[in-house]
Amino acid sequence: MKRALIGGFFSLLGSIWALAIVFIAGNHLVSSWDSRLGRLWSTVIEMDLMPLFVLSAAFIVLGILLMAAELFRRES
């Protein structure tokens, strides 16, 4: 049960970070961007927020993996 709570906390923390990064980038959009990436992701890259976004995505994945491990863990 403890791992499930820790995993939920990591997922929540990563989601809040990702939301904050998208919110910040959305309020400071660039005037010229690469059409393949889109305006929002071009802004995230230009503002050097991509490493933080990758870190927040890693926290989300880690949290989900911890919760899944707890779900499928066998009781002895």
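Residues numbered from 1 in each chain as written. Predicted model: local features only at pLDDT ≥ 70, side-chain atom pairs only at ≥ 80, totals over all residues. Heavy atoms only, no water.

Draft legend 1. Representation of a nonpolar patch on the surface within the structure. On the surface, Leu 12, Ile 16, Trp 17, Leu 52 and Leu 55 cluster together into a nonpolar patch covering about 460 Å² of accessible area. Mapped onto the nonpolar patch, the elements with two or more residues apiece are helix H1 (2–27) and helix H3 (50–71). Ranked by residue count, the leading element in the nonpolar patch is H1, at 3 residues. Examined against the element boundaries, Leu 55 turns out to sit in helix H3. With relative accessibility at 38%, the residue Leu 55 sits in the partly exposed group. (Patch = residues over 30% accessible without salt bridge, like charges linked within 9 Å, V, L, I, M, F, W, Y side chains within 5 Å. Areas by Shrake-Rupley, 256 points an atom, 1.4 Å probe, with all protein chains shown as cover. Salt bridge = Lys/Arg side-chain N within 4 Å of Asp/Glu carboxyl O. Helix = DSSP H or I, 4+ residues; strand = E, 2+ residues; numbered from the N terminus. Buried < 20%, exposed > 50% of the residue type's maximum accessible area, 1.4 Å probe, protein only.)

Draft legend 2. Focus on the packing of H1 against H3. Viewed as axis vectors pointing N to C, H1 and H3 meet at an angle of 155 degrees, and their least axial separation amounts to 7 Å. Our classification of the angle between H1 and H3 gives roughly antiparallel. H1 and H3 meet at a crossing whose hand is left-handed. Of the residues in the contact of H1 with H3, the class split is 17 nonpolar, 7 polar and 2 charged. (Axes fitted to C-alpha atoms, helices over the stretch in contact; angles between N-to-C directions. Parallel < 35°, antiparallel > 145°, perpendicular 65-115°, else oblique. Left-handed = near helix turned anticlockwise from the far one by under 90°. Nonpolar A, V, L, I, M, F, W, Y, C, P; charged D, E, K, R; others polar.)

Draft legend 3. Region of the structure containing the packing of H1 against helix H2 (residues 39–46). Direction vectors running N to C along H1 and H2 enclose 100 degrees, while the axes themselves pass 9 Å from each other. Considering their axes alone, H1 and H2 lie roughly perpendicular with respect to each other. Between H1 and H2, the residues in contact are Ile 21, Val 22, Ala 25 and Gly 26 and Leu 40, Thr 43 and Val 44, respectively. Among the residues making up the contact of H1 with H2, the classes are represented as 5 nonpolar, 2 polar and no charged. (Contact = heavy atoms within 4.5 Å.)

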